[in-house]
Amino acid sequence: MSKRRIFIPEQRVKAGEVELLRPEAKHLVTVLGLRDGDRVVVFDGEGREYDATLRNTGRCKGAALRIEGPGRKAEGGALDVTLIVALIKNRNFDLVVRKAAELGAARLVPVVTERTVKEAGAGVSRWRKISAEASRQCGRADVMDVAEVTQFGSAIASCTGSLRLMAWEGGGTTLAESLRAWAGGSISIAVGPEGGFTHGEVAAARAAGFVPVTLGPRILRTETVPLALLAIMQYVFGDLGGTKT
Ligand code: SAM
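Note that the structure is a prediction, hence the values are computed from the model and not measured.

1. Thoughts on the packing of aromatic side chains
Then, number 1: Enumeration according to the criterion identifies four aromatic pairs in this entry.
Then, number 2: Here the aromatic rings of Phe 7 and Phe 43 are separated by 5.4 Å at their centres, their planes lie at 25 degrees, and the arrangement is stacked. On the criterion of sequence distance, the pair formed by Phe 7 in strand β1 (residues 5-7) and Phe 43 in strand β3 (residues 39-43) is long-range, its members being 36 residues apart.
Then, number 3: What makes Phe 7 partly exposed here is its relative accessible area of 26%.
Then, number 4: Of the residues examined, Phe 43 reaches a relative accessible area of 0% and is grouped as buried.
Then, number 5: On the basis of an interplanar angle of 80 degrees and a centroid distance of 5.1 Å, the ring pair of Trp 182 and Phe 237 is categorised as edge-to-face. Of this pair, Trp 182 sits in the loop between α6 (175-180) and β12 (187-191) while Phe 237 sits in the segment after α8 (224-236), and the two are 55 residues apart along the sequence. Assigned by exposure class, Trp 182 and Phe 237 land together as buried.

What follows is the structure in structure tokens.
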């Protein structure tokens, strides 16, 4: 896969000739050392890729990309997974965002739960940048969507996944059992904060169609759980030959 990849949002790619913003030009010209006439792959965050040629790199302003042709639909992931993850320490949540994007999650919903310990700092715009950067680095042509921070109750109430799992260390069905009963479609996975979900939240999630699943006898850190589950899902049903979605 070419390292010369850059994310330009779909609305700007349509214009044909794309004037680069300063950070974009800096990445291509200063970081990668590219010059006029060099070829670049543009991805638009919606699953399309375009071949492009770099222009005007000698000017301090006005470096641009000429988009060559209508582009192509890049191969998408086989799984449609939404993660609903309780907020945790910023650097650990950053890790969840980056690794979930690499592992092919479609959407991440950061949630406030009853036991969420609030921490100022990171925010949705930063996580969206991390998600786009992870796409560039790992070769995705789409970008994992990061939703606004939402109350846990609203996130589960508006959830549309055909398989809804809640990681719960308090017991429940095994992952293998819950997946056996699944007929395909999108998947939603809820993961609690360091203090865990309250019994009230577990009851509300059950009422919203979530199945509590245990991941075994060890208590995992919040940031471990979505990544472990995504890796298992990709192995069983996803990019490695899955058939259920
Ligand atoms: N406070 C809880 C305790 O001490 O028992 C642990 C919470 S755990 C650090 C954070 C979250 O990861 C949980 O809310 C749950 O969603 C998930 N989790 C951790 N270990 C798990 C396991 N063995 N099975 C299912 N979910 C688990």
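2. Quick notes on the packing of helix α3 (residues 90-102) against α8
Then, number 1: Where α3 contacts α8, the axes come no closer than 9 Å and their chain directions differ by 5 degrees. As summarised for this structure, α3 and α8 are arranged roughly parallel, according to the angle between their axes. Along the contact surface, α3 presents Val 96, Lys 99 and Ala 100, while α8 presents Pro 226, Leu 227 and Leu 230.
Then, number 2: Of the residues that constitute the contact of α3 with α8, the class distribution is five nonpolar, no polar and one charged.

3. A short note on the site of the ligand
Then, number 1: Taken together, 19 residues lie near the ligand, and Ala 167, Gly 192, Leu 215, Arg 218 and Leu 220 sit nearest.
Then, number 2: A distance of 2.9 Å is found between a nitrogen atom of the ligand and a backbone nitrogen or oxygen belonging to Leu 220.
Then, number 3: For the ligand, the accessible surface in isolation is 580 Å², of which the surrounding protein chains cover 85%.

4. Section: the confidence of the model for the chain
Then, number 1: Taken over all residues, the pLDDT of the chain has a mean of 90, while the share at 70 or more is 94%.
Then, number 2: Here α6 stands out as the element of the chain with the lowest mean pLDDT, 87, in contrast to helix α7 (residues 199-207), whose mean of 98 is the highest.

5. Looking at the sheet that holds β3
Then, number 1: Judged by pairing direction, the sheet is mixed, and its five strands sit side by side in the order β1-β3-β4-β5-β2 without closing on themselves. Where the open sheet ends on each side, the last strands, each with one partner, are β1 and β2 (17-19). In this sheet, neighbouring strand axes are inclined to one another by 35 degrees on average, regardless of whether the strands run parallel or antiparallel.
Then, number 2: The pairing of β1 with β3 spans three bridges and is parallel. Along β3, the bridge assignment pairs Phe 7 with Phe 43.
Then, number 3: Sitting on the sheet, helix α2 (residues 22-31) is in contact with β1, β2, β3, β4 (48-55) and β5 (64-73), with an inclination near 175 degrees to β1.
Then, number 4: Its contacts with the sheet place helix α4 (residues 124-138) against β1 and β3, and it is angled at close to 155 degrees to β1.

6. Topic: the pattern of salt bridges
Then, number 1: One pass over the full model with this rule turns up 13 salt bridges.
Then, number 2: The partner of Lys 99 in a salt bridge is Glu 102, with the nearest N and O atoms 3.3 Å apart. With Lys 99 and Glu 102 both in helix α3, this residue pair falls three residues apart, about one helical turn.
Then, number 3: Assessed through its relative accessible area of 29%, Lys 99 is described here as partly exposed.
Then, number 4: In this structure, a network of salt bridges that share partners links the residues Arg 5, Glu 49, Asp 51 and Arg 72.

Conventions we followed
Residues numbered from 1 in each chain as written. Predicted model: local features only at pLDDT ≥ 70, side-chain atom pairs only at ≥ 80, totals over all residues. Heavy atoms only, no water. Phe/Tyr/Trp six-rings, centres within 6.5 Å; stacked < 30°, edge-to-face > 60°. Helix = DSSP H or I, 4+ residues; strand = E, 2+ residues; numbered from the N terminus. Buried < 20%, exposed > 50% of the residue type's maximum accessible area, 1.4 Å probe, protein only. Axes fitted to C-alpha atoms, helices over the stretch in contact; angles between N-to-C directions. Parallel < 35°, antiparallel > 145°, perpendicular 65-115°, else oblique. Contact = heavy atoms within 4.5 Å. Nonpolar A, V, L, I, M, F, W, Y, C, P; charged D, E, K, R; others polar. Near = heavy atom within 4 Å. Polar contact = N/O pair within 3.5 Å; in protein donor to acceptor, adjacent residues only side chain to side chain. Areas by Shrake-Rupley, 256 points an atom, 1.4 Å probe, with all protein chains shown as cover. pLDDT = per-residue confidence, 0-100. Pairing = 2+ DSSP bridges. Salt bridge = Lys/Arg side-chain N within 4 Å of Asp/Glu carboxyl O.

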